[in-house]
2 protein chains.
Amino acid sequence: MTYCVGIQLDSGLILASDSRTHAGVDNFACFSKMSVFERPGDRVIALLSSGNLAGTQAVIGLLKQHAARSADGSLWQAESMFDTAMLVSDAMREVDRRDGQHLTESDVGFNASFILGGQIVGEPPRLFRIYAEGNFIEAGQETPYLQTGETKYGKPIIDWVITPATPLNEAAKCALVSFDSTMRSNLSVGMPIDLLCYERDSLEVRMRRRFDVGDAYFGALGKQWSEGTRQVFRELPDLDW
Amino acid sequence: MTYCVGIQLDSGLILASDSRTHAGVDNFACFSKMSVFERPGDRVIALLSSGNLAGTQAVIGLLKQHAARSADGSLWQAESMFDTAMLVSDAMREVDRRDGQHLTESDVGFNASFILGGQIVGEPPRLFRIYAEGNFIEAGQETPYLQTGETKYGKPIIDWVITPATPLNEAAKCALVSFDSTMRSNLSVGMPIDLLCYERDSLEVRMRRRFDVGDAYFGALGKQWSEGTRQVFRELPDLDW
């Protein structure tokens, strides 16, 4: 399993992913699921991967290779985030064409999916979720966030707190608490957490951080959050029976 | 789907259930999932039902009929909550013997399960989860709560807030917020919510309430909770990048 979340705010984007991959509880490993393509002043594109690791690595590998060669149809040429989503989708279908049949035979299937967020000069920041089939949806004002993987434990905190007007720094803390909630309940979601906080129109990565096991800030956040919520409960009016 | 939760505290028990049943999104209805057997000064036994409605009603029906007749092996005769759990299990197996084969033929299966909480004089309050197979587990100090149905959305708030030392009134509010979290995300969990707050050694039901759609307290609780958590986020230390 995996947990990835993207949040689209008036002031920018939050993107966060865990790093645990596993094939059964006796075979787990650590791989970053966040890939960033940055050309300062022009574009910042971030991809969060979910699903079978061979599939997601193949897609990211193709995208990176095209980008490194500045090939036609690379992420550097895309004129919009919508076009970028289509390029990711194309890469997914290319991998599926190559591997899909062999995976179906062994009953696994190609199941990579992505959260794509970023900004290309001339457009506002945009956020997409790309399904394993290669089709995709875009976040909007009513639903300003998208999740993949083990989404349920970490959803209520985002619903309670996030609106498009939420400041970036508050939303970043909310995303971390959403991860804390998920990791307490699902062992297949694990540290380190990669967090990217993209400031609208900055067109460069200024705030990116990795939270590893034992991170002092992350530990303190969880503790203070827990104490803060207990305090909120004490202050809520008691029930009349 | 359903959402039921039982919480075992030093000061008593919280039991809560939703009331929505459905067979597809175009066929849903409202049935209470909480059944209470009370003999003041002697015992309070509460059952929360999950699963196929015909199955859970048949089990509760049998238990009520035995109790009404004060038959041997009724809930009034049980000498402990452990014995009570076995009586519920026996009733489940009786219904399964009668209906199971016919349900298997139509690919539905007998899938009733229960949360059982209460106190019988001479024992402390106890809390069990009884699986569809009729076997069961009991809550303990490390895991003082048990859930059935759509459990994931409402779990983090309980993990953050509840310890065995949490006062009854705070735990009751926490259970309601846990329902609010779940109902925002899963349409198959719905009002009214039945809430029973059992005070240790009272051996009678003093605090039981139903929260229906539009309940003023429930609405205010959700709103104040949401505002309170935003305030907690504003007060958490900002990230260093």
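Our subject is the structure listed above.
Everything quoted here is computed from the prediction, not taken from an experiment. (Residues numbered from 1 in each chain as written. Chains lettered and ligands numbered in written order. Predicted model: local features only at pLDDT ≥ 70, side-chain atom pairs only at ≥ 80, totals over all residues. Heavy atoms only, no water.)

1. Comments concerning the pattern of salt bridges
Residues and elements named next belong to chain A.
- Counted by the stated rule, this structure contains 32 salt bridges over all chains.
- The salt bridge involving aspartate 42 is made with arginine 39; its shortest N-O contact spans 3.4 Å.
- Classification of aspartate 42 by relative accessible area gives buried; the value is 17%.
- Across the pair arginine 210 and aspartate 194 runs a salt bridge whose closest N-O atoms are separated by 3.0 Å. (Salt bridge = Lys/Arg side-chain N within 4 Å of Asp/Glu carboxyl O. Buried < 20%, exposed > 50% of the residue type's maximum accessible area, 1.4 Å probe, protein only.)

2. Observations concerning the packing of helix H5 (residues 216-235) of chain A against helix H4 (residues 168-185) of chain B
- For the pair H5 of chain A and H4 of chain B, interaxial distance at closest approach is 9 Å and the crossing angle is 105 degrees. Here H5 of chain A lies roughly perpendicular to H4 of chain B, going by the angle between them. The residues of H4 of chain B that touch H5 of chain A, namely those facing Arg230, Phe233 and Arg234 of chain A, are Glu170, Lys173, Cys174 and Val177 of chain B.
- Counted by class, the contact of H5 of chain A with H4 of chain B contains three nonpolar, no polar and four charged residues. (Axes fitted to C-alpha atoms, helices over the stretch in contact; angles between N-to-C directions. Helix = DSSP H or I, 4+ residues; strand = E, 2+ residues; numbered from the N terminus. Parallel < 35°, antiparallel > 145°, perpendicular 65-115°, else oblique. Contact = heavy atoms within 4.5 Å. Nonpolar A, V, L, I, M, F, W, Y, C, P; charged D, E, K, R; others polar.)

3. What to know about unusual backbone geometry
All names here are of chain A.
- Of note, the bond from methionine 191 into proline 192 is cis; its omega dihedral lies within 30 degrees of zero at -5 degrees.
- Here proline 192 lies in the loop between helix H4 (168-185) and strand E11 (193-199).
- Even without being glycine, aspartate 201 reaches a positive phi, approximately 65 degrees.
- Position of aspartate 201 relative to the elements: it lies in the loop between E11 and strand E12 (207-211).
- Unusually for a residue other than glycine, leucine 203 sits at a positive phi of about 50 degrees.
- The topology assignment puts leucine 203 in the loop between E11 and E12.

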